[in-house]
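This is what each chain is made of:
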Protein chains: 2
Amino acid sequence: MAAIGQSTHLGEGGRSEGDRRPRERTDKGTMADSGTGTRLRARRANNAPPAHGIRAPRAAKNSEIVYHDLRSDIISMTLVPGTPILEREITERYGISRTPVREAVLRLAEERLVDVLPKSGTFVSRIPLSQLREGIVARRALEEVIVRAATARATPSQILSLRAIIQKQQELADKGDEPAFHRADEEFHASIATVAHYPGIWEVIQQMRVQIERYRRLTLPQAGRMQLIVREHAAVIDAMENCDADKAVACMNVHLDKLQLDIAVFRDLWPDYFIYDPAVDTDLIA
Amino acid sequence: MAAIGQSTHLGEGGRSEGDRRPRERTDKGTMADSGTGTRLRARRANNAPPAHGIRAPRAAKNSEIVYHDLRSDIISMTLVPGTPILEREITERYGISRTPVREAVLRLAEERLVDVLPKSGTFVSRIPLSQLREGIVARRALEEVIVRAATARATPSQILSLRAIIQKQQELADKGDEPAFHRADEEFHASIATVAHYPGIWEVIQQMRVQIERYRRLTLPQAGRMQLIVREHAAVIDAMENCDADKAVACMNVHLDKLQLDIAVFRDLWPDYFIYDPAVDTDLIA
DNA sequence: TTCAATTATCTAGTATACAAGATATATTTG
DNA sequence: CAAATATATCTTGTATACTAGATAATTGAA
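Since this is a predicted model, take the numbers as computed values, not measurements. (Residues numbered from 1 in each chain as written. Chains lettered and ligands numbered in written order. Predicted model: local features only at pLDDT ≥ 70, side-chain atom pairs only at ≥ 80, totals over all residues. Heavy atoms only, no water.)

Could you clarify how one ought to interpret the packing of helix 4 (residues 129–153) of chain A against helix 7 (residues 199–216) of chain A in this entry?
In a packed pair of helices, the relevant descriptors are the angle between the two axes and the axis-to-axis distance. Residues and elements named next belong to chain A. At a minimum axis distance of 9 Å, the contact between helix 4 and helix 7 shows a crossing angle of 145 degrees. Here helix 4 and helix 7 pass one another in a crossing that is left-handed. From helix 4, Gln-131, Leu-132, Gly-135, Ile-136, Ala-138, Arg-139, Leu-142, Glu-143, Val-145 and Ile-146 reach across to helix 7, where they touch Ile-201, Trp-202, Val-204, Ile-205, Met-208, Arg-209, Gln-211, Ile-212 and Tyr-215. When grouped by side-chain class, the residues that make up the contact of helix 4 with helix 7 number 13 nonpolar, 3 polar and 3 charged. (Axes fitted to C-alpha atoms, helices over the stretch in contact; angles between N-to-C directions. Helix = DSSP H or I, 4+ residues; strand = E, 2+ residues; numbered from the N terminus. Left-handed = near helix turned anticlockwise from the far one by under 90°. Contact = heavy atoms within 4.5 Å. Nonpolar A, V, L, I, M, F, W, Y, C, P; charged D, E, K, R; others polar.)

If you want it as structure tokens, here you go:
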């Protein structure tokens, strides 16, 4: 709360402008770990390697924490559409300044989880129906690619690992632990993507799944749904084990089609939670 | 350059904490433009409507400008991988403060176009080979969905509009105007997505295309390539006009397969421009 | 000369102050 | 009382100052 003590220790002395040679990255070889050069000392020891695809594993930044917390609350519909996001309140709750909070909010805006009205306010976004519809379709297409590749590549040990996840889901379903069940569900699909060597495609799916997940949270827990999912997962793996890609894809589609059920119903139940984008039904193309 | 004059006009007076009722959004109806209520005056007149799917059309923010400029330079390979992004320099170039610059850089980091090394520096990212590979595969799958839907929905006028784009491409190819040609290429694919009522899926494709485009910029302009593309586009539309979805998809795949040609060649030519993510070839799934 | 430790100087991350605009409340006017 | 205007107070957007950490340059010792 209290202002942190600050003291000026940096004068206004002008620095020479362009004196810093842009240091080229010195680890040339892109392949494997061709650690040839001991020419350089322990440079970039604890530093994050510039390897792509891995989110910086550095110490959690405050903005990261706020982002994940807010995101989780929005996706779980704890913060329903229309809820104002008050930067000041978050600032006080976490005891941090506006900068990291703002950073988190901007990331959420990028994901369309919040709407920022310029000098007015920030609100949890309504679920865009168009994005729901398109997300479901796109996911089907991408999961098909993933399942097909996974069927071709899966080793027996990987099949077993996948079965282990299904078994865990069975146990969680018996316990009735829905949150954990859905985390395992994500793990299942992500693992298939890993087997397929398409982790990036799964990332894309997850990104689209955000809005779908918000919608799913509106649906009541249906009796036997978790058991059904377990059986559907098992069917996918059975087909994969038999190297029957077509059947695996078909099973996966059966599995995914369960989502599409009754959007209209829920849209009418909570009209304020959804938004209809008329642009989608505009037929002009030029 | 010069500091902007500032004066304190806001005292430190304490405000009552929770006195602001979170004003619910007042435009209830989600469907069409059910403009029933004249109850409210000219509220939200020039303000950005909370309609989803449309980027805020408000006055260009500085961060937006910097973001687009940097993004354009990175995608066009004007800024090659490894180039340092100096916030201070950009700050001076645009005559703005660090905040909007930082905002832009963070958005680029989200897109994996730059790598931010925490207390060290920010650099244009190398092209992730895995993302290239996955992007091409994913795009094929999603374009298939789009083409199939577009074939089912396309009206004669839309077919004509698409042919108009192809014709424009022909003219640009004759003139040899590659940049404009590629813009028209984008327009062509985007238009098909619009016809298919899947604009969001095209957005996803574009997002993945970012890295692919950087790679494409490395390839030399091959003689006759533009003419070939024109013919391939025409083939897609011909099939669409005949309501032959399978053929349209096949034609589109032929078209897209041209990209995959010779990644290995260019990777060896400019090894420093690419990065190989070993995680993709890791087979553990749990 | 070579290698290690020190110092200097850069960077991103954060905190805070101010500016510009939008909504809500209070006030005035018919 | 109703409607239009004026004022107050909130909001996001921006500017600037400072902190902590990492790289690069310098210095010193073997």
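What exactly am I supposed to notice about the pattern of salt bridges here?
Two side chains of opposite charge can pair, provided their charged atoms sit close to one another. Overall, the coordinates contain 43 salt bridges over all chains when judged by the stated rule. Residues Arg-98 of chain A and Glu-87 of chain A are paired through a salt bridge, measuring 2.7 Å at the closest nitrogen-oxygen approach. Of this pair, Arg-98 of chain A sits in helix 3 (residues 98–110) while Glu-87 of chain A sits in helix 2 (residues 87–94), placing them 11 residues apart in sequence. With relative accessibility at 16%, the residue Glu-87 of chain A sits in the buried group. The closest approach of N and O atoms between Glu-144 of chain B and Arg-148 of chain B, which form a salt bridge, is 3.1 Å. Placement of the pair is Glu-144 of chain B and Arg-148 of chain B together in helix 4 (residues 129–153), with a separation of 4 residues, close to one helical turn. One network of salt bridges, in which partners are shared, links Glu-87, Arg-98 and Arg-102 of chain A together with Lys-61 and Glu-103 of chain B. (Salt bridge = Lys/Arg side-chain N within 4 Å of Asp/Glu carboxyl O. Buried < 20%, exposed > 50% of the residue type's maximum accessible area, 1.4 Å probe, protein only.)

I'm lost on the environment of Ala-164 of chain A in this one. Help?
Of note, Ala-164 of chain A is situated in helix 5 (residues 156–175). As a C-alpha pair, Ala-164 of chain A and Phe-188 of chain A span 24 residues in sequence and 9.5 Å in three-dimensional space.

Sorry if this is basic, but what is going on with the side chain of His-182 of chain B here?
Looking at the secondary structure, you find His-182 of chain B in helix 6 (residues 178–195). Once you skip the residues sitting within four places of it in the chain, His-182 of chain B turns out to touch Arg-216 and Arg-225 of chain B.

Got a minute to help me understand unusual backbone geometry in this structure?
Most peptide bonds take the trans configuration, and most residues that are not glycine carry a negative phi. All names here are of chain A. In this structure, His-197 is a non-glycine residue whose phi angle is positive, near 65 degrees. Here His-197 is to be found in the loop between helix 6 (178–195) and helix 7. Of the residues examined, His-197 reaches a relative accessible area of 5% and is grouped as buried.

What is the right way to look at the sheet that holds strand 1 (residues 84–85) of chain A in this model?
Whether parallel or antiparallel, the strands of a sheet pair through hydrogen bonds between backbone atoms. All names here are of chain A. Reading across the sheet, the 3 strands line up as 1-3-2 and stay open at both edges, with antiparallel pairing between neighbours. Only two strands of the sheet have a single neighbouring strand rather than two, namely strand 1 and strand 2 (114–117). Of the strand pairs in this sheet, strand 1 and strand 3 (residues 121–124) are connected by 2 bridges, and their pairing is antiparallel. Its bridge partner lying in strand 3, Ile-85 is registered against Thr-122. (Pairing = 2+ DSSP bridges.)

Could you clarify how one ought to interpret the sheet that holds strand 1 (residues 84–85) of chain B in this entry?
All names here are of chain B. If you trace the 3 strands from one edge of the open sheet to the other, you get 1-3-2, paired in antiparallel fashion. Both edges of this open sheet fall to strand 1 and strand 2 (114–117), since each of them pairs with a single strand only. Two strands pair when backbone bridges link them, and strand 2 and strand 3 (residues 121–124) are joined in this way by 4 bridges, in the antiparallel orientation. Looking at strand 3, one finds that Leu-117 is bridged to Gly-121. Each of strand 1, strand 2 and strand 3 is contacted by helix 3 (residues 98–110), which is oriented at about 110 degrees to strand 2, the strand it contacts most.

Whenever I open this one, the confidence of the model for chain A confuses me. Can you help?
As a note on interpretation, predicted positions should not be read in detail where pLDDT is low. Residues and elements named next belong to chain A. A residue-level look at chain A finds 75% of positions with pLDDT of 70 or above and a mean pLDDT of 79. Within the model, the stretch residues 1–58 combines pLDDT values under 50 with 55 contacts to residues more than four positions away or in other chains. Low pLDDT, under 50, characterises residues 281–286; the stretch is placed with 12 contacts to residues that sit more than four places away or in other chains. (pLDDT = per-residue confidence, 0-100.)

Which parts of the structure should I look at to understand the packing of helix 6 of chain A against helix 8 (residues 225–241) of chain A?
Residues and elements named next belong to chain A. One can describe the packing of helix 6 onto helix 8 by two numbers: an axis separation of 12 Å at closest approach and a directional angle of 15 degrees. By the criterion of interaxial angle, the relationship of helix 6 to helix 8 is roughly parallel. For helix 6 against helix 8, the interelement crossing comes out left-handed. In contact with Glu-178, Phe-181, His-182, Asp-185, Phe-188, His-189 and Ile-192 of helix 6, helix 8 contributes Arg-225, Met-226, Ile-229, Val-230, His-233 and Ile-237. Considered class by class, the residues forming the contact of helix 6 with helix 8 number 7 nonpolar, 3 polar and 3 charged. (Parallel < 35°, antiparallel > 145°, perpendicular 65-115°, else oblique.)

I tried to follow the pairing of strand 3 of chain A on my own but got confused; where do I start?
For a regular strand, the rule is simple: side chains alternate between the two faces of the sheet. Residues of strand 3 of chain A alternate between two faces, with Gly-121 and Phe-123 of chain A on one and Thr-122 and Val-124 of chain A on the opposite face, all of them buried. Here strand 2 of chain A folds back onto strand 3 of chain A in antiparallel fashion, the turn holding 3 residues.

How should helix 4 of chain B be read in this particular structure?
Structural remark: α-helix, 3.6 residues per turn; residues separated by three or four positions point the same way. Taking 1.5 Å per residue as the helical rise, helix 4 of chain B with its 25 residues ought to reach 36 Å, and the 36 Å between its terminal C-alpha atoms agrees with that figure. Most of helix 4 of chain B is tucked away, with 18 of its 25 residues classed as buried. (Expected span 1.5 Å × (residues − 1).)

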